[in-house]
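# Close look at the chain arrangement
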Amino acid sequence: MRLFNALSVLPLLFLLNAPPLCAQVTLGSSGAEGEPFRRQEWRVPSPDTDTAALALLFRPPGTGPFRLAVIAHASTQNVLRRAQMPQPEYRALAAFLVARGFAVLVPERLGHGATGGRYVEDQGGCDEADYARSARATADEISRALEFLQKQDFVRKDAAVVIGHSAGGWGALALAGADPKMISAIIAFAPGRGGHANDEANRICAPQTLLAAAAELGKAARIPVTWLVAANDSYFAPAFSQKLADAFRGGGGKVDFRTIPAVGGEGHWMIELEAGVKATGGALDAALNQARSARSNRP
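Within each chain, residues carry numbers counting from 1 in the order of the written sequence. Local features in this predicted model are restricted to residues whose pLDDT is 70 or higher, and side-chain atom pairs enter the listing and the counts only when it is 80 or higher, whereas totals over whole chains, interfaces and linings include all residues. Hydrogen atoms and water are omitted, and side-chain values are computed over all heavy atoms in the structure.

### Re the packing of aromatic side chains
Formally: Side-chain rings of Phe, Tyr and Trp (the six-membered ring for Trp) are treated as a pair once their centres are within 6.5 Å; stacked means planes under 30 degrees apart, edge-to-face means over 60, and tilted covers the remaining angles. A run of H or I in DSSP counts as a helix once it spans at least four residues, and a run of E counts as a strand once it spans at least two, with each numbered from the N terminus. Either the NZ atom of lysine or the CZ atom of arginine qualifies as a charge over a ring when it sits within 6 Å of the ring centre and within 35 degrees of the ring normal.
Inspection of every chain in the model, using the stated rule, returns four aromatic pairs. When the ring of Y235 is compared with that of W269, the centres are 5.5 Å apart and the planes differ by 80 degrees; the resulting orientation is edge-to-face. Here the residue Y235 occupies a position in the loop between β8 (225-230) and α7 (238-251), and W269 occupies one in the loop between β9 (255-260) and α8 (274-297), the gap between them amounting to 34 residues. Through a chain of ring-to-ring contacts, the aromatic side chains of W42, F148 and F154 assemble into a single cluster. Looking at R82, its charged tip hangs above the ring of Y119, at a distance of 3.5 Å from the centre.

### Quick look at the sheet that holds strand β2 (residues 40-44)
What counts is decided by this rule: We call two strands paired when DSSP finds no fewer than two bridges between them. Contacts: residue pairs with any heavy atoms within 4.5 Å of one another. Axis geometry follows a simple rule: fit a line to the C-alpha atoms, using only the stretch in contact for helices, then measure angles between N-to-C directions, giving values from 0 to 180 degrees.
Strand order in the open sheet made by the nine strands is β1-β2-β3-β5-β4-β6-β7-β8-β9, with mixed pairing throughout. Of all strands in the sheet, those with a lone pairing partner are β1 (28-29) and β9, marking the two edges. Across the sheet, helix α3 (residues 91-98) is in contact with β3 (53-58), β4 (67-72), β5 (102-107) and β6 (160-165); its angle to β5 comes to roughly 155 degrees.

### Examining the pairing of β9
Short version of the rule: With the strands aimed away from the viewer, a crossover counts as right-handed if its path from the first strand over the helix to the second runs clockwise.
Bridging between β8 and β9 involves six bridges; their strand directions are parallel. Its bridge partner being in β9, T226 is matched across the sheet by D256. Chirality of the crossover, the property in question, places the unit of β8, α7 and β9 among those that are right-handed.

### What to know about the pattern of salt bridges
The line we're drawing: The term salt bridge refers to a pairing of a side-chain nitrogen on Lys or Arg with a carboxyl oxygen on Asp or Glu at a separation within 4 Å. Only protein chains enter the accessibility calculation, which uses a 1.4 Å probe; a residue is then buried when its area is under 20% of its type maximum, exposed when over 50%, and partly exposed in between.
Here the structure, examined in full by the defined rule, presents 14 salt bridges. Of the charged contacts, one joins D285 and R100 as a salt bridge, the two residues approaching to 2.7 Å between their closest N and O atoms. One end of the pair, D285, is in helix α8; the other, R100, is in the loop between α3 and β5, with 185 residues separating them in the sequence. Using a relative accessible area of 23% as the deciding quantity, one classes D285 as partly exposed. Accessibility expressed as a relative area gives 35% for R100, which makes it partly exposed. A salt bridge links R203 to E200; the nearest nitrogen and oxygen atoms lie 3.1 Å apart. Classification of R203 as partly exposed rests on a relative accessible area of 37%.

Bear in mind that shape data such as this cannot, by itself, settle questions of function.
Here it is, written out as structure tokens:
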């Protein structure tokens, strides 16, 4: 019976990792605008030229051009959980940003949900974890989506903001080395990789390797990072997150680290909740205002 169950899973795993049958990829909007906030489905580039990443776009009324905010979602090393992930929306956070004049893109990266395809940001197991490579792979996916949207007439070509959550936040840290004229601020919610190792709370896969990778990412950083973690985060608890932020700062990165009071039952998911957006609203506004001031003072 166990052998039968194992064999029955193999076709599913093959389908999850198989390349798409159709090689022609159409990018851009793929449906009409709807509610809320002109919600619209888009397809954006991915590292696999045969696979378009699915995305959701929200934007204010009018024709723009609007500043762009890209939200990079969390992830998991579990292939079945990735395949079952719903399209990320971060609707409360999108509403916060749209109210401040941003067009908001939420792309779904390769290997996740309906986008499918090859999981290019795999970090490996604890013994061979390559967290820096994983961060750069995630950053590459975020960057491709961002650059594609910045080519649209309704989006400004400069001063974008990248907001990352967990693994998405870890990838956002690797974007801190990008051109500050193109990306003016990075906001990372509990960034990291390897949290809840073996599904155990407060256990991190190869924590020293993760700290070393944070220092490496900090060496190239030019864009300021606002680093936020909830007091009740059991993936990357505040004490460890502070060490990560210190390592990133020690490498050369500029970090504003803040611990947020406990939100919900598990603080790691706070930014998916309206209560989490409300709890972090002051820090978000401070980061956005700082980016606006830096841009206005730039020659």
